[in-house]
Amino acid sequence: DGGITQSPKYLFRKEGQNVTLSCEQNLNHDAMYWYRQDPGQGLRLIYYSQIVNDFQKGDIAEGYSVSREKKESFPLTVTSAQKNPTAFYLCACRGGAEVGELFFGEGSRLTVL
Amino acid sequence: KQEVTQIPAALSVPEGENLVLNCSFTDSAIYNLQWFRQDPGKGLTSLLLIQSSQREQTSGRLNASLDKSSGRSTLYIAASQPGDSATYLCAVSRLSNTGKLIFGQGTTLQVKP
């Protein structure tokens, strides 16, 4: 059945290492998004992509990078330049342009040791 | 700059009670408003989406209303059940239809048996 899958669910990283979070969807949706969630705060937009081979910075893009080589996939790399990477990362996708409803994955929790 | 506020931050009610969750936003120029549910450690589940031209949407025991002029939305939950215990988030989409959402910090609901 259709959905959006994030992996891994939990990830531990040493300081100074880059790490890539996977996001795959089989809903045939054009637009995909990465959000970050911290305790006591709302979700904040990192990057988004409205079409293959194109992506835009969100509100907190510094220290992150993305690619969109396939419609189904939108991986997020958390680089060593991200000063406070420990957080819960959520990927989302959006289908019909008219309606605009977002569907989220189950999230990936990154902890920097 | 658009800001989204949800009050109260936490709410505890006995089973069977009808309840209202509040969401306010500072800029009435929105494309749509979406309500989500989040269980601990999980992703977001879309509950209801209201387009800017609509006043309300209903799904089962849930009813969401939108008053753009006053910058408010409410989520009404009828006959609450312990399974409704979760964090409820509202988010507004900026005027351009990019799917970029601004989130409130959420209301954590506990329904006691």
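Just so we're clear, the structure is a prediction, and the values are computed from it rather than from any experiment.

Definitions and limits used
Residues numbered from 1 in each chain as written. Chains lettered and ligands numbered in written order. Predicted model: local features only at pLDDT ≥ 70, side-chain atom pairs only at ≥ 80, totals over all residues. Heavy atoms only, no water. Contact = heavy atoms within 4.5 Å. Buried area = accessible area lost by both parts, 1.4 Å probe. Salt bridge = Lys/Arg side-chain N within 4 Å of Asp/Glu carboxyl O. Polar contact = N/O pair within 3.5 Å; in protein donor to acceptor, adjacent residues only side chain to side chain. Helix = DSSP H or I, 4+ residues; strand = E, 2+ residues; numbered from the N terminus. Buried < 20%, exposed > 50% of the residue type's maximum accessible area, 1.4 Å probe, protein only. Pairing = 2+ DSSP bridges. Disulfide = S-S within 2.5 Å.

Visitor: Hey, could you go over the interface of chain A and chain B for me, with residue numbers and the actual values?
Guide: Listed per partner, the contact involves 24 residues of chain A and 22 residues of chain B. Between chain A and chain B, roughly 1,800 Å² of surface is buried when both sides are summed, and carbon and sulfur atoms account for 46% of that area. Run the count over chain A and chain B and you get one salt bridge. The salt bridge involving Asp59(A) is made with Arg94(B); its shortest N-O contact spans 3.2 Å. Our count for the chain A to chain B interface comes out at six residue pairs in polar contact (both at pLDDT 80 or more). Contributions of two or more residues to the side of chain A that touches chain B are made by strand E4 (31–37), strand E5 (44–51), strand E9 (87–94) and strand E10 (102–104) of chain A.

Visitor: Could you give an account of the pairing of strand E1 (residues 4–7) of chain A, with specific residues and numbers?
Guide: Put simply, side chains in a regular strand alternate between the two faces of the sheet. All names here are of chain A. Only one face of E1 is buried, namely the one carrying Ile4 and Gln6, since none of Thr5 and Ser7 on the opposite face is buried. As judged from the four bridges shared by E1 and strand E3 (residues 19–25), these two strands associate in the antiparallel manner. For Thr5, the partnering residue across the bridge sits in E3 and is Glu24.

Visitor: Please provide a residue-by-residue account of the state of the cysteines, values included.
Guide: Counted by the stated rule, this structure contains two disulfides over all chains. In this model, Cys23(A) is linked to Cys91(A) through a disulfide, with the two sulfur atoms separated by 1.9 Å. Where Cys23(A) bonds to Cys91(A) through sulfur, the torsion about that S-S bond is close to -80 degrees, and the disulfide is left-handed. A residue pair is termed long-range when its members are at least 10 positions apart, and Cys23(A) in strand E3 and Cys91(A) in strand E9 qualify at 68 residues. In this model, Cys23(B) is linked to Cys90(B) through a disulfide, with the two sulfur atoms separated by 2.0 Å. Disulfide Cys23(B)-Cys90(B): the torsion about the S-S bond is 75 degrees, which places it as right-handed. Taken together, the residues span a long stretch of sequence, with Cys23(B) in strand E3 (residues 19–25) and Cys90(B) in strand E9 (residues 86–94) at a distance of 67 residues.

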